[in-house]
Amino acid sequence: METVLRSSSVISSSPREPTVVTTVAELREHVRSARQQGKSIGLVPTMGALHAGHVSLIEAARRDCGYVVVTVFVNPTQFGPKEDLQKYPRPWEDDLAKCRDAGVDLIFRPDVAEVYPKPFFTVVDVTGISEVLEGAHRPGHFQGVATVVLKLFNMAQPDIAYFGQKDFQQQLLIRRMTKELDLPLEIRTCPTIREPDGLALSSRNVYLSPEERRSALALSRCLRHAETRLKSGEKDLAAIRAEMKKILSETPHVVPDYATLVDPETIAELSTPQREQVAVVAAKVGTTRLIDNLPISLPQ
Ligand code: AMP
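Residues numbered from 1 in each chain as written. Predicted model: local features only at pLDDT ≥ 70, side-chain atom pairs only at ≥ 80, totals over all residues. Heavy atoms only, no water.

Draft legend 1. Broad picture of the layout of surface pockets. Approximately 320 Å³ is the volume attributed to the second largest pocket. Lining the second largest pocket are 18 residues, with Gln171, Leu172, Arg175, Pro264 and Glu265 positioned closest to its centre. Mapped onto the lining of the second largest pocket, the elements with two or more residues apiece are α7 (168-180), β8 (186-190), β10 (276-285) and β11 (288-297). At eight residues, the largest contribution of residues to the lining of the second largest pocket is made by α7. Partitioning the lining of the second largest pocket into residue classes produces seven nonpolar, five polar and six charged. (1 Å grid on protein atoms, 1.4 Å probe; cavity = no way out; pocket = protein on both sides within 12 Å on 5 of 7 lines; lining within 4 Å. Points joined across faces, edges and corners; volume = space filled by probe spheres on them. Helix = DSSP H or I, 4+ residues; strand = E, 2+ residues; numbered from the N terminus. Nonpolar A, V, L, I, M, F, W, Y, C, P; charged D, E, K, R; others polar.)

Right, dumping it as structure tokens:
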């Protein structure tokens, strides 16, 4: 909540209503006007179905920047043909309320034709990083992500863009793209927000039945297990990997895709522990595919 002195001189304690626009032209106009007022621009790209994880990114942007733009766009090009594009949740009124409460200035909510006018030929491919882990299980996914994120950067022209550690490989890919294409903005990565029992918040958690919801805890449990084993001095990463997979495959409804330890910069799978590593996991829980990860630091 904040107290706003409106032009009518009425003091209101209700949160400010975000401006909602659907076209790139309107987005640019509002951003240009904010810039003219000397405000820095923070961008939080999302696919909507907002939860406390998204809100934490908005709050970080609010702290750092004078003008906060949230994009709500379910990007079709990052979904595979057998994935959940059609049924992906789109609770617009709830998203608007969360943005209002979090103090968002502008929501950019384009339709697909605004982002991908036909015909459309260009794709952005951050090679190497796009083909492993998530990329190996979701062919074309990261091309869709890189393409839409570069477009959103060019549309909104932010000073800082905010991403979640929850999508570890995605934020790495975006960092690499930003650096290699000399994009004039800064990328900030915010920590993963979890339920009190450890489940990482995800828009896809709504698909889980109560029983699957319990089984989904296997993901965070296997990450914590890797952390405990590494911190107690275990050096055999193959053994830890096998234990992570066992935790997943022994849980009802859970079918693992991968569970391993990787380098935080190259995402190469590690054969020996190092000072910094990331435990990563992906699994199907019922028909819902979930991912999670945990950065693990060891004393030198
Ligand atoms: P999405 O709407 O799933 O595309 O996510 C939009 C942004 O929110 C991405 O940068 C995600 O990494 C981030 N995000 C999603 N879940 C979480 C979470 N549990 N904690 C922190 N950030 C998250």
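Draft legend 2. Structural view of unusual backbone geometry. Note that the residue after Lys118, namely Pro119, is joined by a cis bond; omega there is -5°. With respect to the helices, strands and loops of the structure, Pro119 is situated in the loop between α4 (112-115) and α5 (134-137). Look at Gln157: it is not a glycine, yet its phi comes out positive at around 50°. Within the secondary structure, Gln157 sits in the loop between α6 (141-156) and β7 (160-164). Of the residues examined, Gln157 reaches a relative accessible area of 45% and is grouped as partly exposed. Of note, the phi angle at Asp182 is positive, near 55°, even though the residue is not glycine. Here Asp182 lies in the loop between α7 and β8. (Buried < 20%, exposed > 50% of the residue type's maximum accessible area, 1.4 Å probe, protein only.)

Draft legend 3. Region of the structure containing the site of the ligand. Residues in close proximity to the ligand total 16 residues, the closest being His54, Gly164, Asp167, Ile193 and Leu201. With respect to the ligand, the backbone of Met47 contributes an N or O atom lying 2.9 Å from an oxygen atom. Here an oxygen atom of the ligand sits 2.7 Å away from a polar atom, N or O, in the side chain of Asp167. In the complex, 92% of the free accessible area of the ligand, which totals 480 Å², lies under the protein chains. Residue assignment for the shell around the ligand shows that the elements contributing at least two residues are β4 (41-46), α2 (52-64) and β7. Sorting elements by how many residues they give to the shell around the ligand places α2 first, with three residues. (Near = heavy atom within 4 Å. Polar contact = N/O pair within 3.5 Å; in protein donor to acceptor, adjacent residues only side chain to side chain. Areas by Shrake-Rupley, 256 points an atom, 1.4 Å probe, with all protein chains shown as cover.)

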